[in-house]
Amino acid sequence: MDLFESPSELIKIPMSDGDLYSLQSLKFDCSNEDLLSRLILETPWREEKITVWGKTFIQPRLIAWYGDKGKNYTYSGNKFEPLAWTPLLLSIKKKIEEVCKKNFNSVLLNYYRSGLDSLGFHSDDEPELGENPSIASLSLGETRTFIFKHKKNKSIAPMKIYLTDESLIVMDGDIQKNWIHGIPKEPLKLGARVNLTFRYIL
Ligand SMILES: O=C(O)CCC(=O)C(=O)O
Ligand SMILES: [Fe+2]
């Protein structure tokens with residue numbers, strides 16, 4: 001084995017009450033830069049609304065939902081019928097399934113146009129994901145900060161993870177039951193980021 005080769009397997013990140021894994025760098029057949037620009041250009045991005053305490057806001061990022069036919073999904077009160085898989089997304093899915101040794105049947109794409117885009121704290125605990133879902137999340141482009149906060153135990157400090165270009169994280173086990181996660185705004189960051197979260201819908 002080449003000692004300087006980056007690991008090709010997921011590494012467990014120590015965390016209480018949940019399972020979190022990461023892989024620093026996942027390479028595809030085309031460069032990750034090409035992948036990022038193709039995803040930005042070729043995806044039919046949607047702006048979604050979210051209603052909080054009776055007030056409706058436009059979510060500060062764009063999204064797109066792909067998956068197997070019939071695998072509908074409710075997210076932030078919005079119901080999604082998935083778009084049909086593209087060859088590009090299927091090839092990314094295949095690679096991620098090999099690394100994770102798991103199958104996925106849907107993917108949510110998030111497009112953060114700049115550091116002004118963000119994602120509010122939430123857990124991915126919708127019933128259609130089942131008891132302890134495995135969610136594999138690929139990052140392309142600008143590094144953004146992923147913050148986990150424990151839901152009940154305030155003595156457990158929040159955890160910060162830097163989601164760098166071409167990194168993969170996998171959330172598993174009880175993580176959605178015990179933690180919320182989000183991506184805060186970082187107004188000084190100008191670069192775009194696309195995130196793909198692969199999920200298995202029952
Ligand atoms: O953009 C990210 O890395 C997080 C995405 C996420 O948590 C979600 O889509 O549920
Ligand atoms: Fe999430």
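Treat the numbers as computed from the prediction; the structure is a model and nothing was measured.

Conventions we followed
- Residues numbered from 1 in each chain as written.
- Chains lettered and ligands numbered in written order.
- Predicted model: local features only at pLDDT ≥ 70, side-chain atom pairs only at ≥ 80, totals over all residues.
- Heavy atoms only, no water.
- Helix = DSSP H or I, 4+ residues; strand = E, 2+ residues; numbered from the N terminus.
- Rg over C-alpha atoms; globule rule 2.2 N^0.38 Å.
- Buried < 20%, exposed > 50% of the residue type's maximum accessible area, 1.4 Å probe, protein only.
- Contact = heavy atoms within 4.5 Å.
- Areas by Shrake-Rupley, 256 points an atom, 1.4 Å probe, with all protein chains shown as cover.
- Lys, Arg positive; Asp, Glu negative; His and termini not counted.
- Charge placed at Lys NZ, Arg CZ, Asp CG, Glu CD.
- Arc of directions from axis to C-beta.
- 1 Å grid on protein atoms, 1.4 Å probe; cavity = no way out; pocket = protein on both sides within 12 Å on 5 of 7 lines; lining within 4 Å.
- Points joined across faces, edges and corners; volume = space filled by probe spheres on them.
- Nonpolar A, V, L, I, M, F, W, Y, C, P; charged D, E, K, R; others polar.
- Salt bridge = Lys/Arg side-chain N within 4 Å of Asp/Glu carboxyl O.
- Donors = N, O, S within 2.8 Å, 3.2 Å for Na, K, Ca; no water.
- UniProt positions renumbered as here; feature names shortened; annotations may be inferred.

> Would you take a moment to explain the overall build of the protein chain for this structure?
Helix and strand counts for the protein chain stand at 3 helices and 14 strands. Relative to the compact-globule value of 17 Å for 202 residues, the protein chain shows a C-alpha radius of gyration of 16 Å, a close match. By its C-alpha atoms, the protein chain is 55 × 40 × 40 Å across when sized along the principal axes. In the protein chain, which comprises 202 residues, the proportion classed as buried is 49%. Residue pairs in contact within the protein chain that sit at least 24 positions apart in sequence constitute 74% of those at least 6 positions apart. For the protein chain, the accessible surface area stands at approximately 10,700 Å², while carbon and sulfur atoms represent 57% of it. Distance between charge centres in the protein chain, computed from 27 positive and 27 negative side chains, equals 6 Å.

> Teacher, can you tell me more about helix 1 (residues 32-42) here?
Residues N32, L35, L36 and L39 constitute the buried set of helix 1. Each buried residue of helix 1 sits inside an arc of 100° when the element is viewed along its axis, so together they form one side. Those residues of helix 1 that are exposed and angled more than 90 degrees off the buried face are E33 and L41. The inward-facing, buried residues of helix 1 contact helix 2 (87-100), strand 7 (106-112), strand 9 (135-141) and strand 14 (193-199).

> Even after reading the chapter, I still don't get empty space enclosed by the protein, so can you show me in this structure?
Picture a little ball the size of a water molecule; that probe, rolled over the atoms, points out where space is still empty. Summed over all chains, the structure comprises 1 cavity of 30 Å³ or more. Around the largest cavity, the lining is made up of 17 residues, and of these N110, L119, F146, N195 and T197 lie nearest the centre. Of all the secondary-structure elements, those providing two or more residues to the lining of the largest cavity are strand 7, strand 8 (119-122), strand 13 (179-183) and strand 14. No other element matches the 4 residues that strand 14 contributes to the lining of the largest cavity. The class makeup of the residues in the lining of the largest cavity is 8 nonpolar, 6 polar and 3 charged.

> What is the right way to look at the pattern of salt bridges in this model?
It is possible for side chains bearing opposite charge to pair when their charged atoms get close. Here the structure, examined in full by the defined rule, presents 14 salt bridges. Of the charged contacts, one joins K12 and D19 as a salt bridge, the two residues approaching to 3.3 Å between their closest N and O atoms. With a relative accessible area of 26%, D19 lands in the partly exposed category. A single network of salt bridges, built from pairs that share partners, joins E131, D174 and K177.

> I keep staring at the coordination of the iron ion (ligand 2) and nothing clicks. Help me out?
When a metal holds four donors in a tetrahedron, each ideal angle between them is 109.5 degrees; when it holds six in an octahedron, the ideal angles are 90 or 180 degrees. For the iron ion (ligand 2), the protein coordination sphere consists of H122 (NE2), D124 (OD) and H181 (NE2), at 2.1 Å. One chain supplies every donor to the iron ion (ligand 2), and in sequence these donors are spaced H-x1-D-x56-H. One end of the pair, D124, is in the loop between strand 8 and strand 9; the other, H181, is in strand 13, and 57 residues separate them in sequence. Here D124 falls in the buried class, since its relative accessible area comes to 1%.

> I would appreciate a short explanation of unusual backbone geometry in the present structure.
What is expected of a backbone is that most residues other than glycine have negative phi and most peptide bonds are trans. Although it is not a glycine, W53 sits at a positive phi angle of roughly 50°. Examined against the element boundaries, W53 turns out to sit in the loop between strand 3 (46-52) and strand 4 (55-67). On the basis of relative accessible area, W53 is assigned to the exposed category, the value being 86%. Even without being glycine, E166 reaches a positive phi, approximately 65°. Judged by its relative accessible area of 13%, E166 falls in the buried class.

> Please clarify how the UniProt feature "domain: Fe2OG dioxygenase" (unreviewed entry) in the protein chain should be interpreted in this entry.
Feature annotation in UniProt places "domain: Fe2OG dioxygenase" (unreviewed entry) on residues 103-202, given in this structure's numbering. Across residues 103-202, the secondary structure splits into 4% helix and 47% strand, with the terminal C-alpha atoms separated by 12 Å.

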